[in-house]
Amino acid sequence: MWYAIISEDVDNSLALRKGARPDHLARLNRLKDEGRLLLAGPHPAVDSEDPGEAGFSGSLVVAEFPSLEDARAWADADPYVGAGVYASVVVKPFKAVFP
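Here's what I pulled together on the structure shown here.

**Overview of the pattern of salt bridges**
One side chain can pair with another of opposite charge once the charged atoms of both are near each other. Under the criterion given, the structure shown has three salt bridges. When the shortest N-O distance is used, the salt bridge between Arg17 and Asp9 registers 2.7 Å. Of the residues examined, Arg17 reaches a relative accessible area of 5% and is grouped as buried. For Glu34, the salt bridge goes to Arg36, with nearest N and O atoms at 2.6 Å. Note on Arg36: relative accessible area 23%, which makes it partly exposed.

**Notes on the sheet that holds strand E4 (residues 86–94)**
Within a sheet, adjacent strands bond to each other through the backbone by hydrogen bonds, running parallel or antiparallel. Strand order in the open sheet formed by four strands is E2-E3-E1-E4, with antiparallel pairing between adjacent strands. In this open sheet, the two strands that pair with only one neighbour each are strand E2 (37–44) and E4. The average angle at which neighbouring strand axes cross in this sheet is 10°, direction not considered. Summarising the sheet, strand E1 (residues 2–9) and E4 pair through eight bridges and their orientation is antiparallel. In the strand pairing of E4, Asp9 is matched with Tyr86. Against the sheet, helix H1 (residues 14–33) contacts E1, E2, strand E3 (56–64) and E4, and its axis sits at roughly 10° relative to E3. Together, E1, E3 and E4 form the strand contacts of helix H2 (residues 68–76), whose direction differs from that of E4 by roughly 155°.

**Focus: unusual backbone geometry**
Following Phe98, the chain continues to Pro99 via a peptide bond in cis, the omega torsion being -10°. Unlike most non-glycine residues, Asn12 shows phi in positive territory, near 55°. When you line up the elements, Asn12 lands in the loop between E1 and H1.

**Some remarks on H2**
Among the residues making up H2, those that are buried are Ala71, Trp74 and Ala75. Projected down its long axis, H2 carries its buried residues within an arc of 100°, all on one side. Opposite the buried face of H2, by more than 90 degrees, sit the exposed residues Glu69 and Asp76. Next to the buried residues of H2 lie E1, H1, E3, helix H3 (79–82) and E4.

**Concerning the packing of aromatic side chains**
Scanning the model with the defined rule gives three aromatic pairs in all. Seen in terms of ring centroids, Tyr3 and Phe65 are 6.5 Å apart; in terms of plane orientation they differ by 55°. Their pairing is tilted. Taken together, the residues span a long stretch of sequence, with Tyr3 in strand E1 and Phe65 in the loop between E3 and H2 at a distance of 62 residues. Given the relative accessible area of 4%, Phe65 is considered buried. Taking the centre distance of 5.7 Å and the plane angle of 50° together, the rings of Phe65 and Trp74 count as tilted. As far as the burial class goes, Phe65 and Trp74 line up, both buried. Through pairs of rings, three or more aromatic residues link up here, namely Tyr3, Phe65 and Trp74.

About the thresholds
Residues numbered from 1 in each chain as written. Predicted model: local features only at pLDDT ≥ 70, side-chain atom pairs only at ≥ 80, totals over all residues. Heavy atoms only, no water. Salt bridge = Lys/Arg side-chain N within 4 Å of Asp/Glu carboxyl O. Buried < 20%, exposed > 50% of the residue type's maximum accessible area, 1.4 Å probe, protein only. Pairing = 2+ DSSP bridges. Helix = DSSP H or I, 4+ residues; strand = E, 2+ residues; numbered from the N terminus. Axes fitted to C-alpha atoms, helices over the stretch in contact; angles between N-to-C directions. Contact = heavy atoms within 4.5 Å. Arc of directions from axis to C-beta. Phe/Tyr/Trp six-rings, centres within 6.5 Å; stacked < 30°, edge-to-face > 60°.

Rendered as structure tokens:
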């Protein structure tokens, strides 16, 4: 089943994000290589494709896991969690309808 992992950043998270980004992306690439990643990306903190120093306010990952517990365990092990980037993380079942 698909699961949405919705994360909200702490204030001024850009430096923390930059430090943990390579490991964060490596995990997403593993999901992609396994055919389990539907989409992933950050939420710019301002209305711009490139928010610059404004940084990001959170992230969204939609990926396939065997269970909600597995999705939560994967989310809890995210390098951004360990680096203190995220203030909160919510994991919910997701039903892809469109496209």
